[in-house]
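Analysis of the macromolecular model
Letter by letter, the chains look like this.
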Amino acid sequence: MVKPAASPSRLGLHGRLELDETLAALVHDGLLSAEDARRIRADARSGKDKLTLHPLVLVANVKPIDQREGATKPLGIEMLTQWLAARAGLPYLRIDPMKIDVAAVTQVISHQYATRYRILPVTVAPDKVVIASAEPFDTRWTADLAHILRRDVERVVANPIDVNRYLNEFFGVQRSIQRAKDAKGDSGYDPSTLLNFEQLLELGKGGDIGADDRHVVHIVDWLLQYALDQRASDIHLEPRRDAGNIRFRIDGNMHKVFEFPPPVMTAVTARIKILGRMDLAEKRRPQDGRIKTRSPGGREVELRLSTMPTAFGEKVVMRIFDPDVVVKEFRALGFSHDEETLWRSMVERPHGIVLVTGPTGSGKTTTLYSTLKHLATPDLNVCTVEDPIEMVSPEFNQMQVQPAIDLDFAAGVRTLLRQDPDIIMVGEIRDLETAQMAVQASLTGHLVLSTLHTNDAPTAVTRLLDLGVPHYLIQSTVTGIVAQRLVRTLCPHCKTALAVDPRAWDALTHRWNLALPERTQGPVGCLECRNTGYLGRTGIYEMMRLSPKLRALIQADTDLIKFSEAALAEGMRPLRISAAAQVARGVTTVAEVMTVLPPVE
């Protein structure tokens, strides 16, 4: 059964949309001026290939001024699609590919049928199928499809560019998965994978899919481009017995996006290992690799690969390093004006040690690379020793730690000291030997940047003492310490003004008695942010510059509580106050920052 639409005034719109009648309807409804309509019509007739484009795309490409009262933006494709949906009396849908079960929707109709009518299934349920189309007045297919599927068919109107794009992508990748699976049976389990603890053998089916199979190549290419489009920071390929999961981490949260049959997952993993120049035959030990590719916009993007043997095969994690995301201006990192001034005073010195602390995934790499980019001028020699090299940059001389040949952090720093460096970045201080070499580098007149895993800035001092670094060397070398966290930022498209809950504000600011802001911003949720209310992340910082008074307090038996209190008295703003400032500015929310702050003692 086809759900009937409302009966709008058609004003000449019927069947497949034509440019002339679309322009006439837009002029009639007051969105488009007659002059812009004539310009669009003339522009479309000047090129043969333009005649095949959807009328709304032709209009949006010209970016005409929206003639409605109070409008400030030109007519874009989404605005035009919403107008078309209202004209047709149908719901408008902004397609979110992350919410679509590709395997299910591609089984509803054939690719040829979908292409002929420019329709895309977006939701499949036992009692209905939701079909997106940019041709709401072309209903030739609705009755037939409802009869064939024996389910209700609900129509929605979507952006013609998205319908065409996802129509080709979804059916294309699903076709590649099926053909790869059919190529050599659907066993997919490699008998040589000793750690597949629960191998399910089906007699009469065997053979592996080649990693160089063109269908597998297409699947991997699509997966990487898809992740870049969705702003993913990590791609997880997780093998399971029945179907492998593909998950993306976006703004710190995991999202399941796809399922691959086991043989396809095995082939995709093999293809990724080949691209990352890893040992294809070794499936029992973890491996690391690297891929360099291009984003849809043409920028070079690096992916760091890590494999891990699991019960059902190799799990692969690809961490994405987009230069435009990793290397930012200090303000783009979330620094306030005062924090930027303090940070510059620490890192623009000729010597000393500056430490960035925080748990894994707190943005330490981004802060360090952005700082090195700022400091790396042609008259300075910037060297790094990392495990692994997060992002290859032409401005630095970067060395990879190689434990197999005894090239650890300490040996790396020792080598760098013979390379006439001005600035040294040590990926992480993990042991006494590395800490001693960092101190030695600082004492000999170098600026050293490094990271530690501590909850706050003052604890970094006691961590160095615990490692065995003498207190007098910490006094004379450490310039400053910054603790940081990443918090999700409110979506600019849907955030709304809210009153702040006094109890939540008190819990955040604790005993610092900050004034309660009258209004701030809160999450709503929209299509741009996938109804989470958040889009992107920013940093909150706790900056501790070692003043003469603080240096004097660093002793072999330093009392951490007294040291922390002294740091606060010397002007250190704790993470909570940095977070509260971001909340007061309407950047994030109390609930969000409370999830990342260390507990109050």
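Described below are features of the structure shown in this document. Note that the coordinates shown come from a computational prediction; the quantities given were computed from them, not determined experimentally.

1. Quick look at the overall build of the protein
Of regular secondary structure, the protein possesses 22 helices and 18 strands. Counting over 601 residues, the protein shows a buried share of 52%. The long-range share in the protein, meaning contacts at least 24 apart out of those at least 6 apart in sequence, stands at 65%. Taken as a whole, the protein presents about 27900 Å² of accessible surface, with 51% of it coming from carbon and sulfur. Counting 73 positive and 74 negative side-chain charges, the protein places the centres of these two groups 4 Å from one another.

2. A few points about the sheet that holds strand β13 (residues 423-426)
Here 7 strands make up an open sheet; going across it, the order is β12-β11-β13-β14-β10-β15-β18 and the pairing mixed. The sheet is open, and its two edges are formed by β12 (397-400) and β18 (534-545), each paired on a single side. Across this sheet, the average inter-strand angle for adjacent strands is 20°, counted without regard to direction. As judged from the 4 bridges shared by strand β11 (residues 382-386) and β13, these two strands associate in the parallel manner. Residue pairing across strands places V382 opposite I423, the latter belonging to β13.

3. Remarks on helix α21 (residues 575-584)
For α21, the buried fraction is high: 9 of the 10 residues fall into the buried class. Three or more residues of α21 are buried, namely L575, R576, I577, S578, A579, A580, A581, Q582 and V583. Looking at the buried side of α21, the elements it contacts are α12 (337-347), β15 (478-490), α18 (502-509), β17 (520-522), β18 and α22 (590-594). Within two residues after α21, G586 carries a phi angle of roughly 80°, on the positive side.

Thresholds applied
Along each chain, the written sequence defines residue order, and numbers are assigned to residues from 1. Local features in this predicted model are restricted to residues of pLDDT 70 or higher, and side-chain atom pairs are both shown and tallied only at a pLDDT of 80 or more, whereas totals for entire chains, interfaces and linings draw on every residue. Side-chain figures throughout are based on the complete set of non-hydrogen atoms in the structure, without hydrogens or water. In DSSP terms, a helix is any run of H or I states spanning at least four residues, a strand is any run of E spanning at least two, and both are numbered starting from the N terminus. Categorising residues by exposure relies on relative accessible area from a 1.4 Å probe, with only protein chains included: less than 20% of the type maximum marks a residue as buried, more than 50% marks it as exposed, and the intermediate range marks it as partly exposed. Should any heavy atoms of two residues lie within 4.5 Å, those residues are counted as being in contact. Using a 1.4 Å probe, accessible areas were evaluated by the Shrake-Rupley method; residue-level cover was limited to the displayed protein chains. His is not counted, nor are the chain ends; Lys and Arg add positive charge and Asp and Glu add negative charge. Throughout, a charge is located at the NZ atom of Lys, the CZ atom of Arg, the CG atom of Asp or the CD atom of Glu. When DSSP finds two or more bridges between a pair of strands, those strands are recorded as paired. Whenever a helix is involved, its axis is fitted only over the stretch in contact; in every case the axis is a line through C-alpha atoms, and angles between N-to-C directions fall within 0 to 180 degrees.

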